[in-house]
Protein chains: 2
Amino acid sequence: MRHGITHFKDLLGGEGYSWTRARSAVLTVLTTVPRPLRAEEIHRALRDPRINLSSVYRALRLFESLNVVHRVELGEGAARYELADDYRDHHHHLVCDACGRIEDVAACPVEAAGLTRHIRKRTGFAVRSHVLELFGLCRPCRRDAR
Amino acid sequence: MRHGITHFKDLLGGEGYSWTRARSAVLTVLTTVPRPLRAEEIHRALRDPRINLSSVYRALRLFESLNVVHRVELGEGAARYELADDYRDHHHHLVCDACGRIEDVAACPVEAAGLTRHIRKRTGFAVRSHVLELFGLCRPCRRDAR
DNA sequence: TCGATTTTGCAAATTATTTGCAATATTCGC
DNA sequence: GCGAATATTGCAAATAATTTGCAAAATCGA
């Protein structure tokens, strides 16, 4: 787990990429807001009219390829993005079907159950990563439903 | 776990929906092919020029709302669809990063670990459903990689 | 600082999916 | 089985998220 915006600058530099206004701004937002954001939301959060939405998309794509950012798909039509596991503890999401709020959970049953090993033994498939999203009702919405 | 195309006919009828060529054909494909298919693939599999792709989308949307079909998103751009848990044993997918092949796994660490209860106790969030997809290399591709 | 290279803004293209509407199919009562 | 009432479909056009071409602007390395 590495910290600081300057780390990303070095990382990009090391890979031959420039440290630009758009890239730096997108990373600032992602390191600041602790939940997965849509490209559109990130763009709005930049509050910099000089930066175009396309550049946000381009930055996100680059960061994804460098394993700095992780794409989260919750079936909403638009994808969300958050810092990858290397820069944030591994976690999953609790998505409220009623209000849409997204909470994190640290518990990971894939690791806990040793599922990866089980699958490799049984099927020969080598699991490298997984996506786990949990849907239901958050506490406030559960209360309202009564 | 109910079987047979006629069951679906009764189900649709019971909900006030018609049993149409498009709906019947889409369900036939989904009950026949044991892996999640894209709308486009389902449409091609119908081999019926009288049925329009829009009708496939409309049928899928209806089936989703009736819990007959389940949407699967693997980050490919297009969604995939398969029979819902009520008509097929609960399972997850092993998606090969190299060749794209999709295998099923019956093992479910969310159920096994009692994660739902754990989360409810800890956070008050009531989990109703979950999405778990596993990515990596299938056995053939793992061999080729060597 | 300067030129070479990379990146960006902007507008237009792309792709999956949805929708309006007139035409067609299905259903239901007789 | 028949025909009216209703639901669904085909088709073409609309959407919405994301990508891309290209000339202009920013960044980098010497």
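This structure is a prediction, so every number in the text was calculated from the model and none was measured. (Residues numbered from 1 in each chain as written. Chains lettered and ligands numbered in written order. Predicted model: local features only at pLDDT ≥ 70, side-chain atom pairs only at ≥ 80, totals over all residues. Heavy atoms only, no water.)

A. Spotlight on the protein's contact with DNA strand C. The local shell around DNA strand C holds 21 residues, among which Thr20, Arg23, Arg50 and Ser55 of chain A together with Tyr57 of chain B are the closest. Each atom of DNA strand C within 4 Å of the protein was assigned to sugar, phosphate or base; sugar and phosphate come to 74%. Within the contact set of DNA strand C, a phosphate oxygen lies 3.0 Å away from a backbone nitrogen or oxygen of Ala79 of chain B. For the surface near DNA strand C, the elements supplying multiple residues, two or more each, are helix H2 (21–32) and helix H4 (53–65) of chain A together with helix H4 (53–65) of chain B. The element contributing the most residues to the surface near DNA strand C is H4 of chain B, with four residues. Among the residues forming the surface near DNA strand C, the class breakdown is seven nonpolar, eight polar and six charged. (Near = heavy atom within 4 Å. Polar contact = N/O pair within 3.5 Å; in protein donor to acceptor, adjacent residues only side chain to side chain. Helix = DSSP H or I, 4+ residues; strand = E, 2+ residues; numbered from the N terminus. Nonpolar A, V, L, I, M, F, W, Y, C, P; charged D, E, K, R; others polar.)

B. Quick peek at the domain arrangement of chain A. Residues and elements named next belong to chain A. As far as domains go, chain A holds domain 1 (1–88) and domain 2 (89–146). Each of domain 1 and domain 2 has a C-alpha centre, and these two points are 23 Å apart. Contact residues are listed per partner, giving 10 residues for domain 1 and nine residues for domain 2. Taken as a group, Leu74, Asp85 and Arg88 account for 53% of the area that domain 1 buries against domain 2, more than any other trio of residues on that side. At the surface where domain 1 touches domain 2, the tally comes to one salt bridge. Across the pair Arg88 and Asp104 runs a salt bridge whose closest N-O atoms are separated by 2.7 Å. Run the count over domain 1 and domain 2 and you get six residue pairs in polar contact (both at pLDDT 80 or more). (Domains from an automatic or database assignment. Contact = heavy atoms within 4.5 Å. Buried area = accessible area lost by both parts, 1.4 Å probe. Salt bridge = Lys/Arg side-chain N within 4 Å of Asp/Glu carboxyl O.)

C. Seen up close, the side chain of His93 of chain A. All names here are of chain A. With respect to the helices, strands and loops of the structure, His93 is situated in strand S4 (residues 92–96). A residue is classified by how much of its surface remains accessible, and His93, at 2% relative accessible area, is buried. In terms of polar contacts, His93 uses its side chain to reach the side chain of Glu82, at 3.1 Å. Within the structure, His93 has its side chain in polar contact with the side chain of His91 (distance 3.3 Å). (Buried < 20%, exposed > 50% of the residue type's maximum accessible area, 1.4 Å probe, protein only.)

D. Structural detail: the packing of helix H2 (residues 21–32) of chain B against H4 of chain B. All names here are of chain B. Running from N to C, H2 and H4 point in directions that differ by 75°, and their axes come no closer than 9 Å. Our classification of the angle between H2 and H4 gives roughly perpendicular. Of H4, the residues touching H2 (which contributes Ala22, Arg23, Val26, Leu27 and Leu30) are Ser55, Val56, Ala59, Leu60, Leu62 and Phe63. (Axes fitted to C-alpha atoms, helices over the stretch in contact; angles between N-to-C directions. Parallel < 35°, antiparallel > 145°, perpendicular 65-115°, else oblique.)

E. Layout of the sheet that holds strand S1 (residues 37–38) of chain A. Residues and elements named next belong to chain A. Pairing within the open sheet is antiparallel, and its three strands lie in the order S1-S3-S2. Only two strands of the sheet have a single partner each, and these edge strands are S1 and strand S2 (69–72). Relative to strand S3 (residues 80–83), S1 runs antiparallel, the two being bridged by two bridges. Considered in S3, the bridge of Arg38 is made with Arg80. (Pairing = 2+ DSSP bridges.)

F. Spotlight on the packing of helix H3 (residues 39–46) of chain A against H4 of chain A. All names here are of chain A. Two elements in contact, H3 and H4, have axes separated by 9 Å at closest approach and are oriented at 115°. The handedness of the crossing between H3 and H4 is right-handed. Between H3 and H4, the contacting residues are Ala39, Glu40, Ile42, His43 and Leu46 on the first element and Leu53, Val56, Tyr57 and Leu60 on the second. Looking at the contact of H3 with H4, its residues break down into seven nonpolar, one polar and one charged. (Left-handed = near helix turned anticlockwise from the far one by under 90°.)

G. Up close: the sheet that holds strand S2 (residues 69–72) of chain B. All names here are of chain B. Reading across from one edge, S1-S3-S2 is the order of the three strands in this open sheet, with antiparallel pairing throughout. The sheet terminates laterally at strand S1 (37–38) and S2, the two strands that pair on one side only. Helix-sheet contacts for H2 involve S1, S2 and strand S3 (80–83), and the interaxial angle to S3 is about 80°.

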